[in-house]
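If you want the building blocks of each chain, they are given just below.
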Amino acid sequence: MIEVGRICVKIAGRDAGRKCVVVDILDDNFVLIDGSTRRRKCNFRHLEPTAEVIKIKKGASHEEVAKEFEKLGLPVWNTKPKPSSERPRKQRGKRKKAGQEGSGKDEKKKGKKEPAVKAEASKDSGKEEKAESQSQPPEQEGQSSEEQQDGSPQ
Amino acid sequence: MTSEKSRSKRIVARKTPGGRVSVRRVARKPEAAKCAECGKPLKGVPRELPSKMRNLPKTAKRPERPFGGYLCSSCMRKLMVKKARE
């Protein structure tokens, strides 16, 4: 009953109730099927043979089976390979740079840097002034600079 | 709210962390789903409270085959053979 080209109905599993054709006989129990079901290995006990037989080669490709099935007016299960989509990767550095927040941070950093430089310059200038005016030993410089900074705005 | 002593809850003995055996009242689970043809309990259909079943994915609630969750596999096969021979 089970032979290459025999149209069967699958009676078990996900494809139950769909028509398929035996493409190859693998061993005593298993056959390769294709058609309205997925192209797959199948136990012949999970198949119910029908009276129809179509002419196909042993081990026929899916395209050949699809042509024959179209002649019979039966639907064909086309397994489409999933379109390979890019894996979502964590972009740690790039996102921050590209995003608005990142740019804002950069601006802040720049803003911070500039005043710091100014402060340093002012400190330096203050030190210089002190050094010139008071000519104190270097140990007490820190204290004196603080005093000067406090005093300068007044 | 039902009282703790009502028959709507099941009595379960549980061992506490202190070693004492205490009595807990647990909600009863619904009956197992059964095959519409032969009446055997269906496999692959969890016996859970509706609140838990609601949160399960669809594929975890019934087998992925025609009449899954309605007929048992053997009854489905018989039906498919019947259809194929018509």
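Summary of the structure given here.

### Observations regarding the interface of chain B and chain A
Counting residues at the interface gives nine residues for chain B and nine residues for chain A. Here chain B packs against chain A, burying approximately 750 Å² in sum over the two surfaces, 67% of which is carbon and sulfur. Here chain B is connected to chain A by one salt bridge. The residue R85 of chain B makes a salt bridge to E48 of chain A at a minimum N-O spacing of 2.7 Å.

### Observations concerning a positive patch on the surface
Taken together, R7, R10, R14, R24, R28 and R47 of chain B make up a surface patch of like positive charges. By the secondary structure assignment, R10 of chain B is in strand β1 (residues 9-15).

### Quick notes on helix α2 (residues 73-85) of chain B
For α2 of chain B, which comprises 13 residues, the first-to-last C-alpha distance of 18 Å matches the rise-based estimate of 18 Å (1.5 Å per residue) to within 8%. Turning to α2 of chain B, its buried residues number three or more, namely C75, M76, M80 and V81 of chain B.

### Description of the sheet that holds strand β5 (residues 47-53) of chain A
Residue and element names in this part refer to chain A. Here we have five strands laid out as an open sheet, ordered β4-β3-β2-β1-β5, and antiparallel in their pairing. Only two strands of the sheet have a single neighbouring strand rather than two, namely β4 (40-43) and β5. Ignoring which end each strand starts from, the neighbouring axes of this sheet average 50° apart. Where strand β1 (residues 6-10) and strand β2 (residues 19-25) come together, three bridges link them in antiparallel fashion. Its bridge partner being in β2, V9 is matched across the sheet by K19.

### Side note on the pairing of β1 of chain B
Residues and elements named next belong to chain B. Of the pairings in the sheet, the one linking β1 to strand β2 (residues 21-27) comprises seven bridges and is antiparallel in character. Across the sheet, R10 pairs through a bridge with V26, a residue of β2. Between β1 and β2, which pair antiparallel in sequence order, lie five residues; one of them, G19, sits at a positive phi of approximately 95°.

### Describing the environment of F69 of chain A
All names here are of chain A. The residue F69 is located in helix α1 (residues 62-72) in this model. The spatial distance from the C-alpha of F69 to the C-alpha of G35 is 6.9 Å, given a sequence separation of 34 residues. Apart from the residues lying within four places of it in its own chain, the contact partners of F69 are K19, C20, V21, D34, G35, S36, I54, L74, P75 and V76.

Reading the values: rules and limits
Residues numbered from 1 in each chain as written. Chains lettered and ligands numbered in written order. Predicted model: local features only at pLDDT ≥ 70, side-chain atom pairs only at ≥ 80, totals over all residues. Heavy atoms only, no water. Contact = heavy atoms within 4.5 Å. Buried area = accessible area lost by both parts, 1.4 Å probe. Salt bridge = Lys/Arg side-chain N within 4 Å of Asp/Glu carboxyl O. Patch = residues over 30% accessible without salt bridge, like charges linked within 9 Å, V, L, I, M, F, W, Y side chains within 5 Å. Areas by Shrake-Rupley, 256 points an atom, 1.4 Å probe, with all protein chains shown as cover. Lys, Arg positive; Asp, Glu negative; His and termini not counted. Charge placed at Lys NZ, Arg CZ, Asp CG, Glu CD. Helix = DSSP H or I, 4+ residues; strand = E, 2+ residues; numbered from the N terminus. Expected span 1.5 Å × (residues − 1). Buried < 20%, exposed > 50% of the residue type's maximum accessible area, 1.4 Å probe, protein only. Pairing = 2+ DSSP bridges. Axes fitted to C-alpha atoms, helices over the stretch in contact; angles between N-to-C directions.

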